[in-house]
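Descriptive structure summary
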Amino acid sequence: MKKHPLERWGEIMGGKKSRWVVLGLWLAFAVVLAFVFPQVNSVENYSGEDLPEDEMSIEASALIDEEFSSDAGLPLLIVWYKDAGLEMSDIQNIQSLYGELAENPLQKQKSIPPFDQLPPQALMGSVSENGKSIVTPIFFEETIDTDVLKENYEELKVITEDITGENPYDTESLSEDSLHARFSGPAGISVDATDLFASADFKLMTATVIIILVILLVIYRSPILAVIPLVVVSIAYLVVSPVLGWMAESGWIDKDAQSIAIMIVLLFGAGTDYCLFLITRYRDVLLEEENKFFALAKAVRESTGAIVMSGLTVVIGLATLGLADYGAFQRFAVPFSLGVLLTGFAVVTLLPAVLAILGRTAFWPFIPRTVDMAKEYAVQKNKPYKEPKQNHRFMLGVGNFATNNPWLVIILTGAILITLAFASTNIKYNYDLLSSFPDDMDSVEGFTLIEENFSAGELAPVKVIVDTEGKDINISEELAALPYVAVVGDVQTGENNANYQLYEVDLSKNPYSNEAMDDVEQMKEDMKDILADVEIGEVNFWIGGETSEQIDARDVQAADERLIEPVMITIIFLVLVIYLRALVTAIQLMATVIVSFFAALGAGWLIITGVLGHEAMASSIPLYSFVFIIALGNDYNIFMISDVWKNRKRGLGHKESIAKGVASTGAVITSAGLILAGTFGVLATLPIQLLVQFGIVTAIGVLLDTFIVRPLLVPALITVFGRLSYWPGKLWKKD
């Protein structure tokens, strides 16, 4: 009889001789790639724009570069502060610092104000009204990377200490009676963001490995088994990292520290899950088959199809992020998809080889044996033979409950999910990057000082550009009269085209807040009226700056959600239909994971506001969580439904097939769900609000799927639909 292709695959990957070849090839690839290509974390982080070039804020930025070069550049704001009040000697020291920078510029320094050439009394006039603070900028080239910025930080500290005899940048308490200085503004925020994610990688890797190890030890009580998935996924990561590093260094992708941090969690969480699917099936087959190689080939045959399809849904789901216009979304697509693809390949190649090498030893001290082997072992140990306990008794009870009481299960689980989903309608989103940072970071402390001592808008002024069409106008007074404006700077004229004017406007509130975004939206309408009064076309203006970029980011993100979510649902739905050949069940599965997503979003909102005290949810959370929850939720459904279909093909009745499918996959899916939720939960331990919120929402989504959707709701729905659940496949015709 001709062997099934997947069984033959298992024999090749886990053969007596080939197992060593497979292991050797993976190790060789990992070592060679590590020497030839850079690790992805060693590649410079992308520091470009997230927005398309045709957005107003980006067009404004381009005009500023072209027409107002003295104003162009990435600003680093040095916020100086002395609680007792700045003295003339402090001002003179700041002037000396800028004199040194004028003579010996920092790396990629583009321009600085000529503070050293002003009378000290004139610069003293820029001190806050309370006399405690002054803000001085340094402009760098837009292409500067964070490593160079950090080198400049150190140089600034050395120069300042040489001048003042102290280092005001690293003081512990701002209430100390001495001079303090903090780096803030866009450049300062960029450095802090990079540092946060850079330190997050090691913490994530360590915490993820520990939590997986602990969960596996508690559930399976086998030290060797607990290590196997970690070894397989680690070797896969040693291949993934240099491949991504090579792609980033070659300019094929842009490396994003945030995406790499989350990718680590995804690879270890999902990779361990896929390993458990095969390991558990191998253990079950070893109870019936004495030869470990035959048992492995059979286990590969029975599990690989579901593993491949599960991995494929995740790869496809994550790849849809490549359709995004928003750069941060788009940069997730390749690392995630490629990482899962290579890790999945390791599970179906490297893992069989490792299991073939270890055999039954992998499960020590609870070694699975056939009945004859168990009897022989009992004789050897001079102990009475004990009949093995029935496997999966608890989950069989769950499966029977769901199939015997389908409407009760549907009503109860539906009520829970819909109630939680309703909470998602109350979510408020923020676009404030600073809110993700700890309070003691330089850029946050600097912004707080500005907010307390100046107009908050000084941190990131709104930049209004007007095409005067050759008319002699000045709208400074009109802008200053707007209720949300604190200060309007002197008008600047274009260097190449005198028709262009630039007005720098400080808002009266935090320029990164939702309220400031509303003000700038209103400014767009007010500008039309202002320009109409001076008889200039209402389209002849641009509004740039950080707040304007946040507005454009919000709009682009919303458009990406409207595109990616339906595309992802459609593609995964088609994959399910092709694999299951059951239209009704595919619809059921997609519907349940979508409801599960909204329930997770609602539950996450209740936790982050009610427990953690966050005022809003990061704007990128819905799409990130959607992609993960929809893709990973279908993973578990596919694995369980595959067993239900196999039971049906073996001739079992409809309800019995479902109950036994729940039973045979229940333990491994519960273990996998706990591991995946735990790894995403690790994100909640980091000092980055965005990752905390993402980790909480995604972990909740995984847990809802693990304990409510997959063992209860899905079996109940399939029971209710009866034979229609298999339509139009062959099983539909089966009694």
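See the structure printed just above.
Because the structure is predicted, anything quoted here is derived from the model rather than measured.

**Brief notes about the packing of aromatic side chains**
- Applying the stated criterion across every chain yields a total of 24 aromatic pairs.
- On the numbers, 6.1 Å between centres and 45° between planes, the contact of W26 with F345 is tilted. Within this pair, whereas W26 is found in helix α2 (residues 18–36), its partner F345 is found in helix α11 (residues 327–358), the two being separated by 319 residues in sequence.
- Since its relative accessible area comes to 8%, W26 is described here as buried.
- With relative accessibility at 43%, the residue F345 sits in the partly exposed group.
- Centroid distance F277 to F639: 3.9 Å. Interplanar angle 15°. Geometry classified as stacked.

**Re the nonpolar core**
- Counting residues in each nonpolar core, the largest one holds 167 residues, and the members touching the most others are L266, F277, L351, L355, F628 and F680.
- The leading source of residues in this core is helix α9 (residues 257–286), at 19 residues.
- If we skip the residues at most four places from it in the chain, F680 touches V265, L266, F628, L632, F694, G695, T698 and A699.
- Grouped together as the second largest cluster of nonpolar side chains are 30 residues, I78, L86, L106 and F183 included.

**Re the sheet that holds strand β1 (residues 74–81)**
- If you walk across this open sheet you meet the four strands as β2-β3-β1-β4, and the pairing is antiparallel. Two strands bound the open sheet, and with one partner strand each, they are β2 (109–111) and β4 (180–184). With strand direction ignored, the average angle separating the axes of adjacent strands in the sheet is 35°.
- The strands that helix α6 (residues 146–164) touches are β1, β3 (133–140) and β4; relative to β1, the one it contacts most, it runs at about 35°.
- Each of β1, β3 and β4 is contacted by helix α15 (residues 442–453), which is oriented at about 110° to β4, the strand it contacts most.

**Some words on a negative patch on the surface**
- Judged by side-chain charge, E100, E103, D116, E155, E161, D162 and E166 come together as a negatively charged surface patch.
- Elements represented by at least two residues in the negative patch include exactly α4 (88–103) and α6.
- Sorting elements by how many residues they give to the negative patch places α6 first, with three residues.
- Checked against the element boundaries, E166 lands in the loop between α6 and β4.
- What makes E166 partly exposed here is its relative accessible area of 32%.

**Details of helix α8 (residues 223–249)**
- The first and last C-alpha atoms of α8 sit 39 Å apart over 27 residues, in line with the 39 Å expected at 1.5 Å per residue.
- Within α8, 19 of the 27 residues are buried, which leaves it mostly tucked inside the rest of the structure.
- At the exit of α8 stands G251, carrying a positive phi of roughly 85°.

Parameters at a glance
- Numbering of residues begins from 1 in every chain and follows the order in which that chain's sequence is written.
- Reporting of local features is limited, given that this is a predicted model, to residues whose pLDDT is at least 70; pairs of side-chain atoms are given and counted only at 80 or more, and all residues count toward the totals for whole chains, interfaces and linings.
- Side-chain measures were taken over the full set of non-hydrogen atoms in the model, leaving aside hydrogen atoms and water.
- Only centres within 6.5 Å qualify two rings of Phe, Tyr or Trp (six-membered ring in Trp) as a pair; their planes then separate them into stacked at under 30 degrees, edge-to-face at over 60, and tilted for everything else.
- The way it works is that DSSP assigns letters per residue, a run of H or I at least four long becomes a helix, a run of E at least two long becomes a strand, and they are numbered from the N terminus.
- The buried label goes to any residue with under 20% of its type's maximum accessible area, the exposed label to any with over 50%, and the partly exposed label to all in between, with areas taken from a 1.4 Å probe on protein chains only.
- Here, nonpolar core means buried Ala, Val, Leu, Ile, Met, Phe, Trp, Tyr and Cys residues that are tied together by side-chain atoms lying within 4.5 Å of each other.
- Pairs of residues are marked as contacts when any of their non-hydrogen atoms sit within 4.5 Å.
- A pair of strands is treated as paired once DSSP finds two or more bridges between them.
- Note on geometry: axes are C-alpha line fits, over the in-contact stretch for helices, and angles between N-to-C directions span 0 to 180 degrees.
- To count toward a patch, a residue needs a relative accessible area above 30% and no salt bridge. Like charges then connect within 9 Å, nonpolar side chains (Val, Leu, Ile, Met, Phe, Trp, Tyr) within 5 Å.
- Per-residue and other accessible areas were derived by the Shrake-Rupley procedure at a 1.4 Å probe size, with only the shown protein chains allowed to occlude residues.
- Should a side-chain nitrogen of Lys or Arg be within 4 Å of a carboxyl oxygen of Asp or Glu, the pair is scored as a salt bridge.
- Charged residues are defined narrowly, with Lys and Arg counted positive, Asp and Glu counted negative, and His plus the chain ends left uncounted.
- Every charge is mapped to an atom, namely NZ of Lys, CZ of Arg, CG of Asp or CD of Glu.
- The span expected for a helix works out to 1.5 Å for each residue beyond the first.

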